Structure formats: C-alpha cells, structure tokens
Amino acid sequence: TYIVNDACIACKYTDCVEVCPVDCFYEGENMLVIHPDECIDCGVCEPECPADAIRPDTEPDMEKWVEFNRKYAEMWPVIITKKDPLPEAEERDGEAGKLEKYFS
Ligand code: SF4
Ligand code: F3S
C-alpha cells in the first residue's frame, strides 16, 4: 500500500485525489489519508503530491503510518475531487514536526 505522512499536514494540496483509480483518499481537517486496504498499489498518486507526502510502505519503519492511515480512513469521509490547498500550504510545506504541531 501507499500512505500519506505528516508532510501533508497543513498543506493538503489534494492533487492526489484526482488520479486515484479507486478513490481511497479520506479527508480530515488538516490532512488526507489513504485506506491501506483499498489502495491497489498503482503508485500514480506518489509523484502528484507537491509536498512529497505519499510514500510506499516498502520504505523502512512504515508500520506506524499504515496504522495511522487505516485508523483515520475509517473515521473520515472520502474525498474524490480536488479543492484549494489550505491557506498556509506553501509556508508549511517541508516544515518539520507537523504531526505534533498541527495534528489534532
Ligand atoms: Fe490510489 Fe494508486 Fe495512490 Fe493507492 S497508490 S492511493 S490506489 S493512486
Ligand atoms: Fe496531501 Fe499531497 Fe494529497 S499534500 S492532500 S497528500 S497531494
């Protein structure tokens, strides 16, 4: 599966949702997540994210992100249409420690 990590937080560009063939992105206030059980591993969303927030779970130490994505995908509504990024997207892009700072 692919997952969304904390680089999405406070940016939420939503370019990713336009290309997903199975509509498995879910939207929270500050970020999106991917449902790991619905993702078919096609990889087309990864290069679309300007914040580089989408990663394959084959990278090291991904288990926490898979579980994070599964947890919130089951709580949040699906998003299938691109919308405007969050107002501070450019300023927050690439900032460290966003999970602690902005995620609630
Ligand atoms: Fe959707 Fe493919 Fe990205 Fe999985 S890898 S979230 S199926 S676009
Ligand atoms: Fe987030 Fe990147 Fe999609 S910032 S909303 S994962 S395009």
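A.B. asks: Teacher, can you tell me more about the site of ligand 1 here?
C.D. replies: Taken together, 13 residues sit near ligand 1, with Cys20, Cys39, Cys42, Gly43 and Cys45 positioned nearest. Per-class residue counts for the shell around ligand 1 are 12 nonpolar, one polar and no charged.

A.B. asks: What am I meant to see in the site of ligand 2 here?
C.D. replies: Around ligand 2, a shell composed of Val4, Cys8, Lys12, Tyr13, Thr14, Asp15, Cys16, Leu32, Cys49, Pro50, Ala51 and Ile54 is seen. Tallied by class, the residues present in the shell around ligand 2 amount to nine nonpolar, one polar and two charged.

A.B. asks: Whenever I open this one, helix H2 (residues 63-73) confuses me. Can you help?
C.D. replies: Because an α-helix packs 3.6 residues into every turn, residues spaced three or four apart end up facing the same way. Three or more residues of H2 are buried, namely Trp65, Val66, Phe68, Asn69, Tyr72 and Ala73. One face of H2 carries all of its buried residues, which in axial projection span an arc of 165°. Among the exposed residues of H2, those oriented more than 90 degrees off its buried face are Glu63 and Lys64. Its buried side turned inward, H2 meets strand S1 (2-4), strand S2 (25-27), strand S3 (32-34) and helix H4 (98-102).

A.B. asks: In this structure, what is going on with the pattern of salt bridges? I would like to understand it.
C.D. replies: Opposite charge on two side chains lets them pair, provided their charged atoms get close. Counted under the stated rule, the structure contains 11 salt bridges. Across the pair Glu27 and Lys12 runs a salt bridge, and its minimum N-O distance is 2.9 Å. One end of the pair, Glu27, is in strand S2; the other, Lys12, is in the loop between S1 and helix H1 (15-19), with 15 residues separating them in the sequence. Overall, Glu27 belongs to the buried group, its relative accessible area being 16%. Looking at Lys12, the relative accessible area reads 6%, which means it is buried. Taken together, the shared-partner salt bridges in this structure form one network comprising Glu46, Asp52, Arg55 and Glu59.

Parameters at a glance
Residues numbered from 1 in each chain as written. Chains lettered and ligands numbered in written order. Predicted model: local features only at pLDDT ≥ 70, side-chain atom pairs only at ≥ 80, totals over all residues. Heavy atoms only, no water. Near = heavy atom within 4 Å. Nonpolar A, V, L, I, M, F, W, Y, C, P; charged D, E, K, R; others polar. Buried < 20%, exposed > 50% of the residue type's maximum accessible area, 1.4 Å probe, protein only. Helix = DSSP H or I, 4+ residues; strand = E, 2+ residues; numbered from the N terminus. Arc of directions from axis to C-beta. Contact = heavy atoms within 4.5 Å. Salt bridge = Lys/Arg side-chain N within 4 Å of Asp/Glu carboxyl O.

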